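Given next are the chains, with one letter for each unit.
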Amino acid sequence: MTKYLPLRARGENASQPSSILAISFMFGILAQHGRIALTVAILLVLFSCAFQTAMDLFSYLEDYQTWVCVPCGTGVKPKHYLAHLTRPHDDHPHLGSSKKALMVEKELLQKAPIDPDSPCFQVPRAGISALPHLPLRNGVSCLQCSYVCASEKVMRNHCGEKHIEGKRRPGRPSKTADPVAPRWKPVSCQRLFVSGSKSQYFEVISPAELKEAEETMRRRSMAKTLSDADYIRTQIDEALEEG
């Protein structure tokens, strides 16, 4: 069964009312209008919290105008919102009816997301930082074109079909033959959708790679500003601190 985490547990900004504000609101209603109005107010607060919890399933990628389903780790097309809410997440505690799912769908459409099947939708370009909530894969990138995939087997088939000129001839190569140039390189990759015309993988910079690049820049900057002796001493101190 899928575990559903609220926005706060995922480290994002939650928009649902705090318990303190909700309690203050209800006491104010009680003082002014009595128990019936208080009951209505409680129901409204509970409904609001339940609705927001259902919205916590999704995270919006502004640059690509796409809603990502966080538990599933994939973008969802606008035309599939309702089906996605009522099938993969029919066990969600706040999506027990089609009426609630329709309300969440309406809220998702308020952002005016782009249909990835439309010509104006652009797949993320290669070399961006990894996008949140999408699985990060160890893939390979073709050195002769922009094709990226998640396995060497698939890449081997791609090169055999699209780049025949670089294919090695059958048989044992002679000792004097030139070494075969590499045809792909390892990369980190993601994809926004799991099916359809825009479901291709794209190269990204993983958090680990980004941290490594920042560390390299820091060391280069340090080497320029410190004397050789101070730089070596700093490296030794950092190595001892890391254990």
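Small disclaimer: the values here were computed from a predicted structure and weren't measured. (Residues numbered from 1 in each chain as written. Predicted model: local features only at pLDDT ≥ 70, side-chain atom pairs only at ≥ 80, totals over all residues. Heavy atoms only, no water.)

### Observations regarding the overall build of the protein chain
To be explicit about the condition: Helical segments are the DSSP runs of H or I of at least four residues, strand segments are the runs of E of at least two, and each set is numbered from the N terminus. Buried means the residue's accessible area, taken with a 1.4 Å probe over protein chains only, is under 20% of the maximum for its type, while exposed means over 50%, and partly exposed covers the values in between. In what follows, residue pairs with any heavy atoms lying within 4.5 Å of each other are defined as contacts. Using the Shrake-Rupley algorithm and a 1.4 Å probe, accessible areas are obtained, with residue cover drawn only from the displayed protein chains.
For the protein chain, the count of helices and strands is seven helices and eight strands. Evaluated residue by residue, the protein chain yields a buried proportion of 31% over its 243 residues. Look at the contacts in the protein chain between residues 6 or more apart in sequence, and 59% of them connect residues 24 or more apart. A total of about 16,300 Å² of accessible surface is found on the protein chain, and carbon and sulfur atoms cover 57% of it.

### Examining the packing of aromatic side chains
Applied cut-off: Note on aromatic contacts: the rings of Phe and Tyr and the six-membered ring of Trp form a pair at centre separations within 6.5 Å, being stacked when their planes are under 30 degrees apart, edge-to-face when over 60 apart, and tilted otherwise.
Overall, the coordinates contain three aromatic pairs when judged by the stated rule. Where phenylalanine 58 meets tryptophan 67, the ring centres are 6.3 Å apart and the plane angle is 80 degrees; that geometry is what we call edge-to-face. Judged by centre distance (4.8 Å) and plane angle (55 degrees), the ring pair of tyrosine 60 and tryptophan 67 falls under tilted. For the pair tyrosine 60 and tryptophan 67, one class covers both residues: buried. Linked through ring pairs, Phe58, Tyr60 and Trp67 together constitute an aromatic cluster.

### Some thoughts on the pattern of salt bridges
So the rule is basically this: A pairing counts as a salt bridge when a side-chain nitrogen of Lys or Arg comes within 4 Å of a carboxyl oxygen of Asp or Glu.
Per the counting criterion, the structure on display carries four salt bridges. Residue glutamate 152 pairs with arginine 156 through a salt bridge whose shortest N-O separation is 3.8 Å. Remark: arginine 156 and glutamate 152 occur in helix α5 (residues 152-162); sequence separation between them is four residues, near one turn of the helix. The network of salt bridges with common partners includes Lys77, Lys79 and Asp117.

### Observations regarding the pairing of strand β5 (residues 137-142)
Applicable threshold: A pair of strands is labelled paired if DSSP reports no fewer than 2 bridges between them.
As judged from the six bridges shared by β5 and strand β7 (residues 184-190), these two strands associate in the antiparallel manner. Looking across to β7, one finds that cysteine 142 is bridged to tryptophan 184. In terms of strand pairing, β5 meets strand β6 (residues 148-149) through two bridges, oriented antiparallel. In the strand pairing of β6, serine 141 is matched with valine 148.

### Here we look at α5
Stated formally: Directions drawn from the helix axis to the C-beta atoms are what define this arc.
Those residues of α5 that sit buried are Met155, His158 and Cys159. The buried residues of α5 all sit within an arc of 95 degrees when viewed along its axis, so they share a single face. Away from its buried face, by an angle of more than 90 degrees, α5 presents the exposed residues Lys153 and Glu161. Of the surrounding secondary structure, the elements contacted by the buried residues of α5 are β5, β6 and β7.

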